[in-house]
Amino acid sequence: SSSGDVKYHLGTAFKRAYPDGRTVGIELLPNPSHLEAVNPLVVGKARAKMDLIDDKTGDKVMPIVIHGDAAFAGQGIVYE
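A quick note: this is a predicted structure, and the numbers were derived from the prediction, not measured. (Residues numbered from 1 in each chain as written. Predicted model: local features only at pLDDT ≥ 70, side-chain atom pairs only at ≥ 80, totals over all residues. Heavy atoms only, no water.)

As for the pairing of strand 2 (residues 23-28)
Inference 1: Pairing between strand 1 (residues 12-17) and strand 2: six bridges, direction antiparallel. Across the sheet, F14 pairs through a bridge with I26, a residue of strand 2. (Pairing = 2+ DSSP bridges. Helix = DSSP H or I, 4+ residues; strand = E, 2+ residues; numbered from the N terminus.)

Below, the structure written as structure tokens:
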């Protein structure tokens with residue numbers, strides 16, 4: 001069940017398995033705003049995951065921030 005105007009505001013997670021046995025975990029963090037309020041959370045969660053799995057070189061965790069709606073990318077984390 002979802003609520004609000006956009007379903008990705010709730011976030012989601014998915015683990016993709018490839019035929020050769022490799023897996024990739026993909027997670028979309030919940031973002032309650034059309035602005036970029038989630039950006040510091042993405043970086044912090046990625047860093048925490050790196051610490052958790054002892055990824056000292058950053059070879060196994062990659063945070064990606066994509067601005068995909070009609071808000072201005074330069075608005076930052078200030079709420080509407």
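Structural notes on the pattern of salt bridges
Pairs can form between side chains of opposite charge once their charged atoms are near each other.
Inference 1: One pass over the full model with this rule turns up four salt bridges.
Inference 2: Two residues, D20 and R22, come together in a salt bridge whose shortest N-O distance is 2.8 Å. Comparing D20 with R22, the two get one shared label, exposed. (Salt bridge = Lys/Arg side-chain N within 4 Å of Asp/Glu carboxyl O. Buried < 20%, exposed > 50% of the residue type's maximum accessible area, 1.4 Å probe, protein only.)

Let's talk about unusual backbone geometry
Inference 1: Residues other than glycine seldom take positive phi values, yet D54 does so here, at roughly 60°.
Inference 2: Mapped onto the elements, D54 comes out in the segment after helix 1 (39-52).
Inference 3: For D54, a relative accessible area of 52% corresponds to the exposed category.

Remarks on the environment of E27
Inference 1: Tracing the chain through its elements places E27 in strand 2.
Inference 2: Separated by twelve residues in sequence, E27 and K15 place their C-alpha atoms 8.5 Å apart.
Inference 3: Excluding residues within four positions of it along the chain, E27 makes contact with T12, A13 and K45.
Inference 4: Polar side-chain contacts of E27 include one of 2.7 Å to the side chain of K45. (Contact = heavy atoms within 4.5 Å. Polar contact = N/O pair within 3.5 Å; in protein donor to acceptor, adjacent residues only side chain to side chain.)

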